[in-house]
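Here is how the chains run, residue by residue.
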Amino acid sequence: MSLLAATGISFKRKDQLLLQDVELELKAGELIGLIGPNGAGKSTLLKILAGLQKPTSGSIQFQTQALNKLSTQERSQKIAWLAQGGTIHWPLMVERLVALGRLPHLAAWQQANQQDQAAIEQAIQQTGIEHLRQRDATTLSGGERTRVLLARALAAEPTVLLADEPIAALDPGYQLQTLELLRNFAQGQRACIVVLHELSLAARYCDRLYLLKSGCIVDKGSVAQVLSAENLRNVYHIECEIGYTHIPWIIPSRSILN
């Protein structure tokens, strides 16, 4: 079942074309990775898929509806967005910040009920932030902040989760924990798209990959197809050692940048 589909997506800012004729489909139960070098258009595409940025041309379908026909509340209930390097501006207690993930499900001035509290608690437990629940969120480290904001996204119980470089500020243990969480989230009728730079982790956890370069999809499909030596040379300008025994691994061995 297709949950999210992008057709002919292009995006221009001033005179610069950042995305060109992008086609993407996310099916239920999938964890899809968006990969590509810096400036390829990954974050811009993710914002458009979340409905946070209007494309210059093209359309987004959520299930059977045009994404732009959904109300802000409907979209917030169904699609959760985890921004790259998310900033926390207000000195809220962590538990209260996570609880904000339930706002799309509440009417104005409505208090959280037992179901809401259960969703909040589950998100806190899943992300391993129990010890942070009484902390002022503005005092958190970058890695702690990422995990708290992920908990807020999970508390919304969305159908689709869009995560922009969620492991960039995390140590290796929490990188693995976060990707396990995203992998477990993307089951049944739910799915996730994640922007990643760590190619070995993309190979290990993602069902399919979309490889972007200069605003275009240059390849898509299985991990083995997309993370080919030829693609890595042409897009990343690197030579790599690649293996798929037990746990996939991609080790850059030489830059071929001019």
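See above for the structure.
Computed from a predicted model, the values in this text were never measured in an experiment.

**Q** How should I be thinking about the overall build of the protein in this particular structure?
**A** When helices and strands are tallied, the protein shows nine helices and twelve strands. Expected size for 258 residues packed as a compact globule is a radius of gyration near 18 Å; at 19 Å, the protein falls within 12% of this value. Within the span of the protein, comprising 258 residues, buried residues form 47% of the whole. Considering only contacts within the protein whose residues lie at least 6 apart along the sequence, 65% involve residues at least 24 apart. Summed over its atoms, the accessible surface of the protein is roughly 12,800 Å², and 48% of this surface lies on carbon and sulfur atoms. Between the centroid of the 25 positive side chains of the protein and the centroid of its 23 negative side chains there is a distance of 5 Å.

**Q** Looking at this structure, I do not really get the sheet that holds strand E9 (residues 208-213). What am I missing?
**A** Where strands meet in a sheet, backbone hydrogen bonds hold them as pairs that are either parallel or antiparallel. Overall, mixed pairing links the six strands, which are arranged E6-E7-E8-E3-E9-E10 in an open sheet. At either margin of the open sheet sits one strand with a lone partner, and together these are strand E6 (79-82) and strand E10 (216-221). Direction aside, the axes of adjacent strands within the sheet are offset by 15 degrees on average. As paired strands, E9 and E10 are joined by five bridges and run antiparallel to one another. Bridge pairing in E10 links Leu209 to Gly221. Packing of helix H6 (residues 172-185) onto the sheet brings it into contact with strand E3 (31-35), strand E7 (160-164) and strand E8 (191-195), and relative to E8 it is tilted by some 150 degrees.

**Q** How do you make sense of the packing of aromatic side chains when you look at a structure like this?
**A** Pairs of aromatic rings are described using the distance from one ring centre to the other and the angle between the two planes. Summed over the entire model, instances satisfying the criterion amount to zero aromatic pairs. If you follow Arg147 out to its NZ or CZ, it ends over the ring of Tyr174, 3.7 Å from the centre.

**Q** What is the right way to look at the packing of helix H5 (residues 142-155) against H6 in this model?
**A** Any two packed helices are characterised by the angle at which their axes cross and by the distance between the axes. As a packed pair, H5 and H6 sit with axes 12 Å apart at the nearest point and diverge in direction by 10 degrees. Comparing the axis directions of H5 and H6 gives the class roughly parallel. Contact residues: H5 offers Arg147, Leu150 and Leu154, while H6 offers Tyr174, Gln177, Thr178, Leu181, Leu182 and Phe185. For the contact of H5 with H6, the class distribution of residues is six nonpolar, two polar and one charged.

**Q** How should I be thinking about the nonpolar core in this particular structure?
**A** General note: in soluble globular proteins, nonpolar side chains tend to be found buried as a group. The biggest cluster of nonpolar side chains holds 51 residues, and the ones touching the most others in it are Ile35, Val98, Leu161 and Leu227. Among the elements that make up this core, the one with the highest residue count is H5 (seven residues). Setting aside anything within four residues of it in sequence, one finds Val98 in contact with Ile120, Ala123, Ile124, Ile129, Val148, Ala151, Arg152 and Ala155. Core analysis: the next-biggest nonpolar cluster, separate from the first, contains 30 residues, Phe11, Leu19, Leu67 and Ala191 among them.

**Q** Just checking my understanding: could you explain the environment of Gln53 for this structure?
**A** Take Gln53: it is sitting in the loop between helix H1 (42-49) and strand E4 (57-62). Once the C-alpha coordinates of Gln53 and Phe11 are considered, the two residues, 42 residues apart in sequence, prove to be 9.2 Å apart. Setting aside its immediate chain neighbours within four residues, Gln53 contacts Phe11, Arg13, Lys47 and Ile48.

**Q** Just to check I follow, could you spell out the packing of helix H4 (residues 114-126) against H5 for this structure?
**A** Closest axis-to-axis distance for the H4/H5 pair is 8 Å, and the angle between their directions is 145 degrees. For the crossing formed where H4 meets H5, the hand is right-handed. Listed contacts from H5 to Ala119, Ile120, Ala123 and Gln126 of H4 are Ala151, Leu154 and Ala155. Grouping the amino acids of the contact of H4 with H5 by side-chain chemistry returns six nonpolar, one polar and no charged.

**Q** What is the right way to look at the sheet that holds strand E2 (residues 16-27) in this model?
**A** Taken in spatial order, the four strands make up an open sheet running E2-E1-E4-E5, and their pairing is antiparallel. Every other strand in the sheet has two partners, leaving E2 and strand E5 (65-66) as the edge strands with one partner each. Alignment of strand E1 (residues 2-13) against E4, held across five bridges, turns out to be antiparallel. Along E4, the bridge assignment pairs Ala5 with Gln61. The sheet strands contacting H1 are E1, E2 and E4, and the helix crosses E2 at an angle near 60 degrees.

Cut-offs applied
- Residues numbered from 1 in each chain as written.
- Predicted model: local features only at pLDDT ≥ 70, side-chain atom pairs only at ≥ 80, totals over all residues.
- Heavy atoms only, no water.
- Helix = DSSP H or I, 4+ residues; strand = E, 2+ residues; numbered from the N terminus.
- Rg over C-alpha atoms; globule rule 2.2 N^0.38 Å.
- Buried < 20%, exposed > 50% of the residue type's maximum accessible area, 1.4 Å probe, protein only.
- Contact = heavy atoms within 4.5 Å.
- Areas by Shrake-Rupley, 256 points an atom, 1.4 Å probe, with all protein chains shown as cover.
- Lys, Arg positive; Asp, Glu negative; His and termini not counted.
- Charge placed at Lys NZ, Arg CZ, Asp CG, Glu CD.
- Pairing = 2+ DSSP bridges.
- Axes fitted to C-alpha atoms, helices over the stretch in contact; angles between N-to-C directions.
- Phe/Tyr/Trp six-rings, centres within 6.5 Å; stacked < 30°, edge-to-face > 60°.
- Lys NZ or Arg CZ within 6 Å of the ring centre and 35° of its normal.
- Parallel < 35°, antiparallel > 145°, perpendicular 65-115°, else oblique.
- Nonpolar A, V, L, I, M, F, W, Y, C, P; charged D, E, K, R; others polar.
- Core = buried A, V, L, I, M, F, W, Y, C linked by side-chain atoms within 4.5 Å.
- Left-handed = near helix turned anticlockwise from the far one by under 90°.

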